[in-house]
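# Chain and residue survey
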Number of protein chains: 2
Amino acid sequence: MTDTPVSTRRPHSAPATHDSISGNGAAPAADVEIAAQIRAVLDGRWAHVRESSRAMLDDAAFLDDPSLDLDASRRLALEQMRRLARTDWQASGFGVAAGGTGDPGGAVTGIEMLAYANLSLMVKAGVQWGLFGGAVENLGTERHHREYIAPLIRLDLLGCFAMTEIGHGSDVQNLETTATFDPGTDEIVVHTPTPSAVKDYIGGAALHARMAAVFAQLITHDADGTPLDHGVHCVLVPIRDDDGGPLPGVTTTDDGLKGGLRGVDNGRIAFDHVRVPRTNLLNRYGDIDADGRYTSPIDSRSRRFFTMLGTLIRGRISVGGSAGSAARVALEIAVRYAEQRRQFSVPGGGSGDAAAPDGGGPRRTGEVLLMDYLQHQRRLLPLLARSFALGFAQNELVSKMHDLQVAQEPDQHEQRELESRAAGLKASQTWHATRVIQECREACGGAGYMTENHLTGLKADSDVFTTFEGDNTVLTQLVAKELLTSYSDEVSEFGAVGWMRFVAETVADTVRERTAARQIIQRILDRSDETLEEGDLAERSVQLRMFEDREQHVLETAARRLRRGAPSGDGEDGEDPLAEFEAFNSVQDHVLRAGRVHIERVVLEAFLAGIDECPEGPARDLLEDVCTLYALHSIEEDKAWFMEHGRLSTERAKAVTRHVGELCTRLRPHALTLVTGFGIPRILLDSAMLDGPGTDPVRQR
Amino acid sequence: MTDTPVSTRRPHSAPATHDSISGNGAAPAADVEIAAQIRAVLDGRWAHVRESSRAMLDDAAFLDDPSLDLDASRRLALEQMRRLARTDWQASGFGVAAGGTGDPGGAVTGIEMLAYANLSLMVKAGVQWGLFGGAVENLGTERHHREYIAPLIRLDLLGCFAMTEIGHGSDVQNLETTATFDPGTDEIVVHTPTPSAVKDYIGGAALHARMAAVFAQLITHDADGTPLDHGVHCVLVPIRDDDGGPLPGVTTTDDGLKGGLRGVDNGRIAFDHVRVPRTNLLNRYGDIDADGRYTSPIDSRSRRFFTMLGTLIRGRISVGGSAGSAARVALEIAVRYAEQRRQFSVPGGGSGDAAAPDGGGPRRTGEVLLMDYLQHQRRLLPLLARSFALGFAQNELVSKMHDLQVAQEPDQHEQRELESRAAGLKASQTWHATRVIQECREACGGAGYMTENHLTGLKADSDVFTTFEGDNTVLTQLVAKELLTSYSDEVSEFGAVGWMRFVAETVADTVRERTAARQIIQRILDRSDETLEEGDLAERSVQLRMFEDREQHVLETAARRLRRGAPSGDGEDGEDPLAEFEAFNSVQDHVLRAGRVHIERVVLEAFLAGIDECPEGPARDLLEDVCTLYALHSIEEDKAWFMEHGRLSTERAKAVTRHVGELCTRLRPHALTLVTGFGIPRILLDSAMLDGPGTDPVRQR
């Protein structure tokens, strides 16, 4: 083992140690030029969308008003929707033929920007144009596009997306709502057969939506009258008349108050044999002809369903991106507060005898800025680094999604990989946001608890992001499942037992499959002769090898454990279902870890690809340090695993922690530059506890 | 090293493995008898207070109503206060002479119970009777008791506690507000000299309070007119007239909306040379005679201040206890939900082909209960175990506080130790609550986000508990500081530099100082011949030794690092303050760790003392398992440290994780029994998402 497991080299213009403590002096200012360069890199491929969004959102009319009651909050969100609809903002999500501009990447980026301003509005816009509009666009065919896209873009048609049921939120393949074709009238009968089949948490269902995209088991009958179940399909069902009054057979109720998102009118919908024309079936992946014959380009019911879900991936990607935005707003507020708030004139946390009694003058001179405390750096800066990492990963994901969605014949393997990445990144981003906003609230003390300083609203509104568009645990499991089966197409056909057997028979070798950063990563690895076991932890190639090696090992051992637990028979029946379940259950934490560490590797590679877009210079040097902090902090948080599996000696493990501390000290003078680099519109940071951000020339747009 | 680092012995009537999976069958029911025994042990010394509180709180009149707007929420809380005042509930906190019943332990326990029902009401009651009443009781003398205690008990006098200022929340010794004696009129002039000296976040200041207990620097003048600053004292200042109108020189403003606690009317107070009679000084620890001469039984300004703060310790203990209550409510809701909510008919997280199409019948048969998933057990059961541990630690703390507060001559060392323990446990309890409630919300999915299911309200209301009554980081540092100086009385006199030098010159040997569980612990250690390095991790003695050894090592090494960083000179001046600060700052994370691991040990010992009160039998066996889960999960969360410091081999580290998983499986059938053992009044669990809890006979009171 080397004697110096962590390099003390300082590869760039880092300030000397003393500069990192502002002590009694002024807080460091943001470096305008570097911040602008960082912003340019982080803005990425849809920088033009971000810029026009910034201009649009620099307007109090788009802000939430937390003092409003529930009804007024919902009215405000609807007014803001109409204001949005008068711009071109929402047209990018729809094809040119149907009246849009055909820029899916721009649409998702726009949602991410909207999340800086107002999460209720972001969700409401996401429901209308992303989910409802997306269902019509992607599951419907030309007749639906012609009839509905233009009105829904303009908000002449308000819709909702009725997938989740009381009984089924995660397991949507087993929804209970039925859509039964009646050949006698050429209609589809939509019905809620049980209390648990009632649609729930549906945004727009309580008040504003006039039509629902209803997901239901599609049923036809054969010549003998035997029911044929074709699995989940989507049917357009009017739920209110033009005046908002109820329609026959449709019962909506209001979910009422939630933990946040007061502007979103979530509700329940129950259908009592509601009839719609057969043509209301969104029939791109499954159709019924006038004779009642069902046809589909995809034979497998299960694969058909997952193909449909795959086309709706923008929603999940938007939620992950929006969570990233919320986290960045919180971080910028907390960093700015820590750069002006002072507490304690001397270290030690208690005695203040050093402050002379003065009979009334200010006692605040000589106190220490919060940002100068090691503990404060430790709580904020690694999260800041992770926000950068996730931001670059999100950019890469959106770019990949865009290219696949505009492709004539998208590669199916790529599509599966995209869906998996979207699932994993959604989980990472939303868990990160939950953690960051909580940490920022606490780091701002009592001021952080005041609504006027935004942090509690961000927390309340974003809290459900870990749940909707896919529960994070379920999504992480999905990532692992795909990895363990190498995105095999056959797997979606299997039940769990079949899946376990498939894993048992397949040697997973997917870890080498690289992100878009493939060449960049290879270059870094090739030019280094550092080894995994003894290399300098400050070296990028060593970090990369550690992330890769961890993923490979966790996947291989998970596959091995699943293999041991797999059934020995060759049929799916005849086994003891309880024993099957236990076999899976005993490996669940290992499987989830496989999903998590995969995403960690993907995020690191995306960060490096992002840096590669930055010209040589101080901005790039700074991003390199931020990336090292991300990588080493990620290793630090998992270092028990690295030690247990012989990947880190105890000495090297201690060095990781030491190096994270040193990086915090080194990055501390740049904290304000880094958050300024997020490019968050100034009006959104106008917290009462902060001195006017107007002193920062970058914001003087 | 032993080959079997974790015992596979099953010391009690644990169910066989298969019983732990309810699979397709019914959820396990709570064992009524065992739950009742657990409740009796957990209720502890003030069981009678808990029982009468349960009876009182089983009443919708004490519940919060989240649908109310800000004004109505505050009116409701005040009405509920008046309802409380009509009981004897609040009298226990005050001495018999002044019209109370003199039962401080009962008073704090009562607050903890109130927190089950309504956190706004708990805070408002805590401000009135705990903080304001406590200041009058503990800092005042007979004249104040006579005049104010009876009215404030009855709510004829509504008060507030004006300590925190905009500029000083944590560093309260350096408050800026002044209280200057004017011998010409025999008055004290209370003044806010700067904007940062404005009192802020003061509960009651926005609307309801008529009088404030104002903390201010007390100033007299010597014969030459030179000001003499005596440090922070408390003065009673009327802030509103009987009709709620403003008084001359007093400006109050409303803090408005917060992240939660809508019933509490927090506000700001500024004083413009407000005059009150000299006798309004709460003069127990410092008095001014008619000639303007200041006298105090305590010479040191700093020690005097910390002595005053020490008498107000109930507030901090109440907040920790209330956070514990909020966490238990969340856990019971989440466990009950997980015992009825099913999702996915087969493991694997995706395919549901096993469910036959049935054209409309319920598809929910055969689905798995959430509580049966390993991941769900992993996320809830260790937190449940920790809630038990903290509950017992809280009981021990309250008991110790009670004994010291009713003692004729409380031991000063014990008092210091109590204050440190209260600080540490407040931090642990409130961080635990923040984590638990968040985890429970996520574990309940979309339903958890609905206000009607209580979890989001618990989160919003309890969120600031990590901040008020002492920021958790500052408190944890305080714990470490006291440990590192062995509660030396001299230390409160020192500035930080003096403190570092003191540490440098003193060998800390406080870890052997035991909690009230001293004899129980010694018995466990004496009868075991297991060693720290090779012992069976399932053995209590091994766990105890690991906790102790960790604390000792962290403290010793922190002292050593502080010593290296301490100034070499012998005066407090002449040193470079920046260098001093950096020396401290570079050790801050180590110092904080010392505070945290100390509290972990204290909590484990308290858990064992609690178990010792439980008769032999299945309830005790169950608690022993819960305690093992707490201990091993605590080690698991810190196992990188244990490995880095040669306390755990990699094999033993893996065994810890394996054993935590096994304990989750073993405890899973008892989850409902355990939460039932909390004894939370039934009405408080009446969540819309839960089937009526009335099926549980323990609750059929």
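Residues numbered from 1 in each chain as written. Chains lettered and ligands numbered in written order. Predicted model: local features only at pLDDT ≥ 70, side-chain atom pairs only at ≥ 80, totals over all residues. Heavy atoms only, no water.

Tallying secondary structure elements over chain A gives 22 helices and eleven strands in all. Burial status across chain A gives 66% buried among its 701 residues. Considering only contacts in chain A between residues 6 or more positions apart, those separated by 24 or more positions represent 76%. As displayed, chain A offers around 23900 Å² of accessible surface, 50% of which is attributable to carbon and sulfur atoms. (Helix = DSSP H or I, 4+ residues; strand = E, 2+ residues; numbered from the N terminus. Buried < 20%, exposed > 50% of the residue type's maximum accessible area, 1.4 Å probe, protein only. Contact = heavy atoms within 4.5 Å. Areas by Shrake-Rupley, 256 points an atom, 1.4 Å probe, with all protein chains shown as cover.)

Once that is clear, we can look at the UniProt feature "domain: Acyl-CoA oxidase/dehydrogenase middle" (unreviewed entry) in chain A. Those places that UniProt annotates as "domain: Acyl-CoA oxidase/dehydrogenase middle" (unreviewed entry) correspond, in this numbering, to residues 160-274 of chain A. For residues 160-274 of chain A, the end-to-end C-alpha separation is 17 Å, with 0% helix and 46% strand making up the annotated structure. (UniProt positions renumbered as here; feature names shortened; annotations may be inferred.)

A separate point is the sheet that holds strand S4 (residues 199-203) of chain B. All names here are of chain B. Pairing is antiparallel in the open sheet, where three strands are placed in the order S4-S8-S7. In the strand order of this sheet, the two ends are held by S4 and strand S7 (250-254), each with one partner. On average, adjacent strands in this sheet sit at an angle of 35° to one another, irrespective of strand direction. (Pairing = 2+ DSSP bridges. Axes fitted to C-alpha atoms, helices over the stretch in contact; angles between N-to-C directions.)

Another point: the nonpolar core. Formed by 356 residues in total, the largest nonpolar core has its most connected members in Trp129 and Phe388 of chain A together with Trp129 and Phe388 of chain B. Residues within four places of phenylalanine 388 of chain A in sequence aside, it is in contact with Ile38, Leu42, Phe607, Leu623, Val626, Leu674 and Phe678 of chain A. (Core = buried A, V, L, I, M, F, W, Y, C linked by side-chain atoms within 4.5 Å.)

Glancing now at the packing of aromatic side chains. One pass over the structure, following the stated rule, counts 18 aromatic pairs over all chains. With a centroid separation of 5.1 Å and 35° between ring planes, the pair formed by phenylalanine 388 of chain B and phenylalanine 678 of chain B is classed as tilted. Taken together, the positions of phenylalanine 388 of chain B in helix H9 (residues 374-406) and phenylalanine 678 of chain B in the segment after helix H22 (671-676) put the pair 290 residues apart, joining distant regions of the chain. The two residues phenylalanine 388 of chain B and phenylalanine 678 of chain B agree in class, both being buried. The side chain of arginine 550 of chain A reaches across the aromatic face of phenylalanine 547 of chain A, ending 5.0 Å from its centre. (Phe/Tyr/Trp six-rings, centres within 6.5 Å; stacked < 30°, edge-to-face > 60°. Lys NZ or Arg CZ within 6 Å of the ring centre and 35° of its normal.)

What follows concerns the pattern of salt bridges. Residue and element names in this part refer to chain A. Counted according to the given criterion, the structure contains 90 salt bridges over all chains. Across the pair aspartate 229 and arginine 301 runs a salt bridge whose closest N-O atoms are separated by 3.3 Å. Of this pair, aspartate 229 sits in strand S6 (residues 227-238) while arginine 301 is found in helix H7 (residues 301-311), placing the two residues 72 residues apart along the sequence. Owing to a relative accessible area of 23%, arginine 301 belongs among the partly exposed residues under this scheme. Connected via shared salt-bridge partners are Arg39, Asp43, Arg50, Glu51, Arg54, Glu112 and Arg328. (Salt bridge = Lys/Arg side-chain N within 4 Å of Asp/Glu carboxyl O.)

Here we take up the pairing of strand S9 (residues 274-277) of chain B. Residue and element names in this part refer to chain B. By the alternation rule, side chains of S9 split into Val274 and Val276, which are all buried, and Arg275 and Pro277, of which none is buried. Alignment of strand S3 (residues 187-191) against S9, held across four bridges, turns out to be antiparallel. Looking across to S9, one finds that valine 189 is bridged to arginine 275.

Residues and elements named next belong to chain A. Burial in helix H2 (residues 47-57) covers these residues: Val49, Arg50, Ser53, Arg54, Met56 and Leu57. Along the axis of H2, the buried residues cluster in a sector spanning 165°; they form a single face. Considering only its buried residues, H2 is in contact with helix H1 (32-43), helix H3 (70-85), helix H4 (104-117) and helix H9 (374-406). (Arc of directions from axis to C-beta.)

What follows concerns the sheet that holds strand S4 (residues 199-203) of chain A. Residue and element names in this part refer to chain A. With antiparallel pairing, the three strands of this open sheet are ordered in space as S4-S8-S7. The sheet is open, and its two borders are formed by S4 and strand S7 (250-254), each paired with just one other strand. Neighbouring strand axes in the sheet, compared pairwise and without regard to direction, differ in orientation by 35° on average. Of the strand pairs in this sheet, S7 and strand S8 (residues 266-271) are connected by five bridges, and their pairing is antiparallel. Across the sheet, the residue bridging to threonine 251 is alanine 270, located in S8.

Further remarks concern the environment of arginine 647 of chain A. Residue and element names in this part refer to chain A. Checked against the element boundaries, arginine 647 lands in the loop between helix H20 (639-644) and helix H21 (650-667). Linking arginine 647 and isoleucine 166, residues 481 residues apart in sequence, is a C-alpha distance of 45 Å. Beyond its immediate sequence surroundings of up to four residues, arginine 647 is in contact with Met546, Asp549, His553, Trp641 and Phe642. Here the side chain of arginine 647 touches aspartate 549 through a polar contact of 2.6 Å, side chain to side chain. (Polar contact = N/O pair within 3.5 Å; in protein donor to acceptor, adjacent residues only side chain to side chain.)

Let us now look at the domain arrangement of chain A. Residue and element names in this part refer to chain A. Assigned domains of chain A: these are domain 1 (41-154), domain 2 (160-314) and domain 3 (316-343 + 369-685). Computed over C-alpha atoms, the centres of domain 2 and domain 3 are 35 Å apart. Each partner contributes to the interface: domain 2 provides 13 residues, whereas domain 3 provides 18 residues. Overall, the association of domain 2 and domain 3 removes approximately 1200 Å² of surface from exposure, summing both partners, and the carbon and sulfur fraction of that is 50%. Of all residues in domain 2, Leu261, Ile313 and Arg314 bury the most surface against domain 3, accounting for 50% of the area lost on that side. (Domains from an automatic or database assignment. Buried area = accessible area lost by both parts, 1.4 Å probe.)

All names here are of chain A. One can describe the packing of H9 onto H21 by two numbers: an axis separation of 10 Å at closest approach and a directional angle of 85°. The angle between H9 and H21 places the two elements in the roughly perpendicular class. Residues Gln377, Arg378, Leu381 and Pro382 of H9 form the contact with H21, whose own contacting residues are Thr657, Val660, Gly661, Cys664, Thr665 and Leu667. Residue composition of the contact of H9 with H21, grouped by class: five nonpolar, four polar and one charged. (Parallel < 35°, antiparallel > 145°, perpendicular 65-115°, else oblique. Nonpolar A, V, L, I, M, F, W, Y, C, P; charged D, E, K, R; others polar.)

Next up on the list: a positive patch on the surface. Residues and elements named next belong to chain B. Taken together, Arg560, Arg561, Arg563 and Arg564 make up a surface patch of like positive charges. Note on placement: arginine 560 falls in helix H16 (residues 540-565). For arginine 560, a relative accessible area of 42% gives the class partly exposed. (Patch = residues over 30% accessible without salt bridge, like charges linked within 9 Å, V, L, I, M, F, W, Y side chains within 5 Å. Lys, Arg positive; Asp, Glu negative; His and termini not counted. Charge placed at Lys NZ, Arg CZ, Asp CG, Glu CD.)

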